[in-house]
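# What the coordinates show
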Amino acid sequence: MRAADYDESDVRVRPARGGSRPRTKQRPAYKQAVDGFVTGVNRGRYDVLVAGRAVTAVAARELGRGGVVVGDDVAVVGDTTGGPGSLARIVRVAERRTLLRRSSEDVGGIERVLVANADQLVVVTALADPEPRTRMVDRCLVAAFEAGMDTLLCLTKSDLADPDVFLAHYSPLDVPAVVTRRRDGEILGQDEVAALLRDRVSVLVGHSGVGKSTLVNALVPDASRAVGHVNAVTGRGRHTSTSAVALALPDGGWVIDTPGVRSFGLGHVHVDDVIASFADLAEVVTACPPGCTHLAGTAGCALDTWLARPEVTEREIARAESLRRLLVSRLGDAEPEPTAYDGMHQR
Ligand SMILES: Nc1nc2c(ncn2[C@@H]2O[C@H](COP(=O)(O)OP(=O)(O)OP(=O)(O)O)[C@@H](O)[C@H]2O)c(=O)[nH]1
Ligand SMILES: [Zn+2]
């Protein structure tokens, strides 16, 4: 959506109390609105990139609390010079292409949008030190499937452990993977990662210590400066923030780092959201009884019938098992006890 498409008629008008006639109080015309891209959120202030300038903005009240998130394409009015002390106003949020959400299990399952419009979720996992947590990886993949995002596994520290067992575990899911390792103080495989991120908006998630910062700093040469800089308006260092921040990649595209996100509450995810990412199996389960959970041994589940075919292939069995594993990972807690990944062989 371009800014030129906005005008007064786009502004949501609250219906007047006690009558059907909408309030026609003087509203600003937004013909002057310009396009922006939200790169950060900090205590009610938004960092918006407008024509290459970093602009600080507030959000119009009608957009609601949490109505603007990192990754949003917005229309902005007011002072968009980006000069010291300048403040612009976000008046409109464009329709979102994807929506990465989490539900908080503690606050009655309220769901919160984390990032808008991202193309892919990059799950960063160390092959050792710390040990990979496959359940956490599974839950990230489920969140990405629900969000409508592509997925990428980024396996770090292959200098410490062989990636083969991990890769074999995930191959039935057809999730692309890239492996990095350190040699002589240099991280190898970074160019491959950069190529997979080019011209796309990628959200990076990963547990503490997996090497995510190392990767981000290598991909975005001035990342530490961007993250550490002190906000001109609030006077606070942005590194104190735990919310997502979008960093421009030198060759095009964005990396969205999520320092506060270690897990996903998946209470908002439905069985169908997961199955939709398995076109072949989605076809099979159309024969299931209504409300089928598709878990092994569920009465009447068409997956079991399909798996019992004499001509069933090993690959089909592996895919069905992987799907069922993801469906189970959707249940349960967001923060399980850390478990060592069995079957992993360290060098
Ligand atoms: N052996 C090995 N160590 C690595 C590799 N990449 C990063 N490390 C080390 O792993 C440790 C953690 O790396 P960070 O980049 O700080 O990890 P992080 O995921 O950002 O962790 P937090 O900062 O806690 O969120 C550091 O000591 C890195 O030097 C790698 O490929 N191989
Ligand atoms: Zn079923």
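For clarity, every value in this text was computed on a predicted model and none was experimentally measured. (Residues numbered from 1 in each chain as written. Chains lettered and ligands numbered in written order. Predicted model: local features only at pLDDT ≥ 70, side-chain atom pairs only at ≥ 80, totals over all residues.)

## Here we look at the pairing of strand 9 (residues 150-156)
Operational definition: Burial in this document is a count-based property: other C-beta atoms within 10 Å of a residue's C-beta are tallied, and the residue is buried at 20 or more, exposed at 12 or fewer, or partly exposed in between, with C-beta positions derived from the backbone. Secondary structure counts use DSSP, requiring at least four H or I residues in a row for a helix and at least two E residues in a row for a strand, with both numbered from the N terminus. For two strands to pair, DSSP has to find at least two bridges joining them. Whether a crossover is right-handed comes down to one check: with the strands pointing away from the viewer, does the path from the first strand over the helix to the second run clockwise; if it does, it is right-handed.
Taken across its 7 residues, strand 9 has 6 buried, putting it largely inside the fold. Sheet topology note: the strand 8 (residues 120-126)/strand 9 ladder contains 7 bridges and is parallel. Bridge pairing in strand 9 places T125 opposite L155. In this fold, strand 8 hands off to helix 1 (residues 134-147), which returns the chain to strand 9; that crossover is right-handed. Pairing of strand 9 with strand 10 (residues 177-179) involves 3 bridges; the strand directions are parallel. Among the inter-strand pairings, L155 is bridged to a residue of strand 10, identified as V179.

## Description of the domain arrangement of the protein
Basically, it comes down to this: Per the annotation, domain bounds derive from an automatic or database assignment of domains. Any residue pair is listed as a contact if its two C-beta atoms, each placed from the backbone, are within 7 Å. For this classification, Asp, Glu, Lys and Arg are treated as charged, while Ala, Val, Leu, Ile, Met, Phe, Trp, Tyr, Cys and Pro are nonpolar and the rest, including Gly, are polar.
Once the domains are mapped, the protein shows domain 1 (3-9 + 33-93) and domain 2 (97-347). Listed per partner, the contact involves 14 residues of domain 1 and 19 residues of domain 2. Looking at which element gives the most residues to the side of domain 1 that touches domain 2, the answer is strand 1 (residues 34-42), with 4 residues. Looking at the side of domain 1 that touches domain 2 residue by residue, the class counts come to 4 nonpolar, 6 polar and 4 charged.

## Points about the site of ligand 1
Applied cut-off: As used in this record, a residue near a molecule or strand is one whose C-beta atom, placed from the backbone, is within 6 Å of it.
In the neighbourhood of ligand 1, 16 residues make up the surrounding shell, with R182, S208, G211, S213 and T214 lying closest. Elements with a minimum of two residues in the shell around ligand 1: strand 11 (181-183) and helix 4 (212-219). It is helix 4 that provides the largest number of residues to the shell around ligand 1, a total of 3 residues. Grouping the amino acids of the shell around ligand 1 by side-chain chemistry returns 3 nonpolar, 8 polar and 5 charged.

## Observations regarding the environment of R330
Relative to the helices and strands, R330 resides in helix 9 (residues 314-330). Since 21 C-beta atoms lie within 10 Å of it, R330 is described here as buried. The sequence separation of R330 and F264 amounts to 66 residues, and the corresponding C-alpha distance is 9.5 Å. Sequence-distant contacts of R330, defined by excluding residues within four places in its chain, comprise V142, L266, V269 and V274.

## Focus on unusual backbone geometry
In this model, D129 is joined to P130 through a cis peptide bond whose omega is 0°. Take P130: it is sitting in the loop between strand 8 and helix 1. With a phi close to 50°, R43 is a non-glycine residue in the positive phi region. Looking at the secondary structure, you find R43 in the loop between strand 1 and strand 2 (45-50). On the basis of neighbour count, R43 is assigned to the exposed category, with 11 C-beta atoms found within 10 Å. Here the phi dihedral of A51 falls at roughly 50°; this positive angle occurs in a residue that is not glycine. Note that A51 resides in the loop between strand 2 and strand 3 (53-59). Given 10 C-beta atoms within a 10 Å radius, A51 is considered exposed.

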